[in-house]
Amino acid sequence: MSATHDHVHEHPRHREYSGEGLVIAARNALETAGEQWTEMRGDVFDALAGHAKPASAYDIAEVVSKARDKRVAANSVYRILDLFVRTNLARRVESANAYIANPHPGCRHDCIFLICDGCGKAVHIDDDRLTGALIEAARGAGFADVRPVVELRGMCGDCSSGAE
């Protein structure tokens, strides 16, 4: 098992997507999971993917409401985001109670989030060795079906270089 996971040089199913390619990959992943890609789900995904940093359901509801020219309730957005997390189209950043679009919807690795306390940007990295060790430790403690959620907070390069 490699220490890190590089999506760019893998099978096309695992590469990072952006723009229309990300929407197509997300739609395909959702339909493969047996779910429908509705107009509302598409609007929520577009709003989520359009955020440069983790977005709350309220942030997304506001964007979708403006795009649809009618109020969209945050509760509806939460349900869709929960579906997106279950089907690997989005990741939940627990400490921020926010979500980010998964840039590689077909990939099932456990992400480690690096969250900037300065600007709020979240970057994810994959380290199968680290998350595998966490899973093994949990199994050793009697837990099953473990999915690590690892978040590290600090300052990104841009923010830390400005602080000097």
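Our subject is the structure that appears above.
Residues numbered from 1 in each chain as written. Predicted model: local features only at pLDDT ≥ 70, side-chain atom pairs only at ≥ 80, totals over all residues. Heavy atoms only, no water.

A. Representation of the overall build of the protein within the structure. Looking only at helices and strands, the protein features 6 helices and 5 strands. For the protein, the succession of helices and strands along the chain, N to C, is α-α-α-α-β-β-β-β-α-β-α. Looking at the protein as a whole, 41% of its 164 residues are labelled buried. Put simply, of all contacts in the protein between residues at least 6 apart along the chain, 54% involve residues at least 24 apart. (Helix = DSSP H or I, 4+ residues; strand = E, 2+ residues; numbered from the N terminus. Buried < 20%, exposed > 50% of the residue type's maximum accessible area, 1.4 Å probe, protein only. Contact = heavy atoms within 4.5 Å.)

B. Just the environment of Gly157, in detail. Here Gly157 shows up in helix H6 (residues 157–162). In the structure, Gly157 is positioned 41 residues away from Cys116 in sequence and 9.1 Å away in space, judged by C-alpha atoms.

C. Unusual backbone geometry, seen in detail. Not every positive phi belongs to a glycine, and Asn97 is a case in point at roughly 45°. Within the secondary structure, Asn97 sits in the loop between strand E1 (90–93) and strand E2 (98–101). Given a relative accessible area of 34%, Asn97 falls into the partly exposed group. Phi angles above zero are rare outside glycine, and Asp145 is one such case at about 50°. Along the chain, the position of Asp145 falls in the loop between helix H5 (128–140) and strand E5 (150–154).

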